[in-house]
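# Understanding the architecture of this molecule
Spelled out, the chains give:
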Amino acid sequence: MQYCAKIKDLSVSFHGRKAISNISTELPSCGITVLLGRSGSGKTTFLRSLNRLNEIIEGYEGSGNVNLFLGGRSRDIYSDDAPEPTELRRRVGMVFQTPNPLPMSIRRNIILPLSLIPGSKKTENEERMESVLKTTGLWDEVKDRLDTPAGRLSGGQQQRLCLARILALEPEILLLDEPTASLDRRASEVIEKHLLSLKNKYCIVMISHSVRQALKLGSHFIFLRGGNIVASFSKGELPEGKEAENLFNDLL
Amino acid sequence: MAALFVFITVYALDGLIKSPASLLGSIWNPEGKEFGILPMIWASAILSLSASVIGWVFALGCSCFIHGYGSKRLARILSNVLRIMTAIPTVVYGFASVFLLVPLIRNGFGGSGFSWLTASIVLSLMILPTMVLAMDSAFRTIESETEITSAALGLTKEQNLALVVLPTSKKWILSSALLGFGRASGDTLIPTMLAGNAVQYAISPLDAMRTLTAHIGLVLSSDVGGTAYYSLFVAGGILLFVSVTANIIFRMIRGRSHE
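Below is a summary of the structure that appears in this document. (Residues numbered from 1 in each chain as written. Chains lettered and ligands numbered in written order. Predicted model: local features only at pLDDT ≥ 70, side-chain atom pairs only at ≥ 80, totals over all residues. Heavy atoms only, no water.)

## With respect to the overall build of chain B
Within chain B, the regular secondary structure consists of 11 helices and two strands. Listing each helix as α and each strand as β along chain B from the N terminus yields α-α-β-β-α-α-α-α-α-α-α-α-α. Taken along its principal axes, the extent of the C-alpha atoms in chain B is 75 × 45 × 30 Å. Counting all 259 residues of chain B, 45% fall into the buried class. If you take every contact in chain B between residues at least 6 apart in sequence, the share linking residues at least 24 apart comes to 70%. (Helix = DSSP H or I, 4+ residues; strand = E, 2+ residues; numbered from the N terminus. Buried < 20%, exposed > 50% of the residue type's maximum accessible area, 1.4 Å probe, protein only. Contact = heavy atoms within 4.5 Å.)

## Observations concerning a nonpolar patch on the surface
Residues and elements named next belong to chain B. Taken together, the side chains of Met1, Leu4, Phe5, Val6, Phe7, Val10 and Tyr11 present a nonpolar region at the surface, about 690 Å² in accessible area. Tracing the backbone through its elements, the reader meets Phe7 in helix α1 (residues 2-18). Judged by relative accessible area, Phe7 falls into the partly exposed class, the value being 41%. (Patch = residues over 30% accessible without salt bridge, like charges linked within 9 Å, V, L, I, M, F, W, Y side chains within 5 Å. Areas by Shrake-Rupley, 256 points an atom, 1.4 Å probe, with all protein chains shown as cover. Salt bridge = Lys/Arg side-chain N within 4 Å of Asp/Glu carboxyl O.)

## With respect to the interface of chain B and chain A
Contacts between the two partners involve 16 residues from chain B and, on the opposite side, 20 residues from chain A. When chain B packs against chain A, the two sides together hide about 1600 Å² of surface, and 72% of this comes from carbon and sulfur. Broken down residue by residue, the surface that chain B buries against chain A is led by Ile148, Ala152 and Leu153 of chain B, which jointly contribute 37%. The interface formed by chain B and chain A holds one salt bridge in total. Where chain B meets chain A, there are two residue pairs in polar contact (both at pLDDT 80 or more). If you list the elements that add at least two residues to the side of chain B that touches chain A, you get α6 (116-152) and α7 (157-168) of chain B. The element that contributes the greatest number of residues to the side of chain B that touches chain A is α6 of chain B, accounting for seven residues. (Buried area = accessible area lost by both parts, 1.4 Å probe. Polar contact = N/O pair within 3.5 Å; in protein donor to acceptor, adjacent residues only side chain to side chain.)

## Description of the sheet that holds strand β2 (residues 17-28) of chain A
All names here are of chain A. The antiparallel open sheet is built from four strands, whose spatial order is β2-β1-β4-β5. Looking at strand neighbours, the two that pair on one side only are β2 and β5 (73-76), the edges of this open sheet. Between one strand axis and the next, the sheet turns by 5° as a mean value, whatever way the strands run. With four bridges connecting them, strand β4 (residues 60-70) and β5 associate as antiparallel partners. Note on β5: the bridge partner recorded for Leu68 is Arg75. (Pairing = 2+ DSSP bridges. Axes fitted to C-alpha atoms, helices over the stretch in contact; angles between N-to-C directions.)

## Details of the side chain of His220 of chain A
Residue and element names in this part refer to chain A. Topologically, His220 is positioned in strand β9 (residues 220-225). Taking the relative accessible area as the measure of exposure, His220 reaches 12% and is therefore buried. Separated by 3.4 Å, the side chain of His220 and the backbone oxygen of Phe233 make a polar contact. Apart from residues lying up to four places away in sequence, His220 is in contact with Glu26, Pro28, Ile32, Thr33, Val34, Phe233 and Ser234.

## Here we look at the state of the cysteines
According to the stated counting rule, one finds one disulfide over all chains in the structure shown. Looking at Cys64 of chain B, it has no disulfide partner, and the nearest cysteine sulfur is the one in Cys62 of chain B, 9.5 Å off. (Disulfide = S-S within 2.5 Å.)

## Some remarks on the pattern of salt bridges
Residues and elements named next belong to chain A. All told, the structure shown has 19 salt bridges over all chains when counted by the stated rule. Between Glu172 and Arg91 there is a salt bridge, with the nearest N and O atoms lying 3.2 Å from each other. One end of the pair, Glu172, is in the loop between α6 (155-168) and β7 (173-177); the other, Arg91, is in helix α2 (residues 85-91), and 81 residues separate them in sequence. Glu172 sits in the partly exposed class, given a relative accessible area of 30%. With a relative accessible area of 18%, Arg91 lands in the buried category. A single salt-bridge network, built from bridges that share partners, covers Glu87, Arg91 and Glu172.

In structure tokens, the structure reads:
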């Protein structure tokens, strides 16, 4: 199996309090890896250590290696050879639990991060914006009001905008922190449908709050408890139907 | 508050109706029954304007330094210094400036040193913390909402400040200028102590000037009566009108930015 990430002895603490300790695991490059665990189990910290986002939080301390397969080769993102955090975060895109459009227009939400990439061109950026809005099924809904504030969209639309915004940066790895947690069922289903269509193009690592959603989307599962990995499975190793659900519930 | 408003307005109008030519003239000569306050209106207007412009520019600089362009340690020091500055009584600014800034201006640029320039500098320093704190609270709120999002999109802290926080807090930045203008136009001690108090239309930054506030303070502390007092009510009325207007505009801008 090919891997998009190899993690070795990863520990992270904030103000001296351990959030995750000595995690070693490998994440497959195809399909969706789902992280499961109760709140406080270290899922978000683990996810954010893959794009070095923990570092901007005060009191951060970390150790260990995270090797990501980027641009055709494996690189330890915490070593001196690593890309700059700003570049890394473009290549390892993240979508958050609550939709978080920036306080600006729909257009600018997508164009602003793109325009900061050295050598980016205005016309190409506009084309890319249209293309990602079509990928996330938003284009027909927003094409006539691209210059209105993004905050006026519905929650589901905002989350699809956030997904589009990150896809526009053409990342190689996608990190999703409970992307449907704050949405109603219909909006969640739309997002889930888009994620399934993306799973062969990107290495996706996703936190999910629901066992049912995890089983529906995931091809690899990692369970965390108290900052440690307590179990991991690939889809083939799971029992059929209701039993898999029961197994997952027992592990949570 | 309403009583104060009515009181000042009635007396100011009374004065204006009884001797409009004398009150709205350019000459202040109580012995000759001339009570013109136009030079004072001019002085108040240009002093508060210049002080708030200087103060606003520095306040914006300080706020940007605190929120991204400065190192964490220096930012914290600057922030604390500004907080301490709010607690310093105005008279201390005036007193210290008479001995420190006035000789500097006198020796460096000529004149007596008591001038529009001197008062502008000290007044801008005095209103600086108020403006910084107003901008700071807006920056802080927006920054806390956008910091992680921006970082996750590959923006640096500086880019987030320049491209996300500043444009979003535009209304707050503008309204803090009004806040500073309001405070500057109402201050009495700084212009009295540092602007020279000559009744004239100050044109050069080195000219002495007498503001409306300084005028009220000076006349009240000396013995003149009659129309001279009417002139004070007119002066007070104008000040009240300006500060209320500035306050209303400030609230309107703030109110709209909440939507």
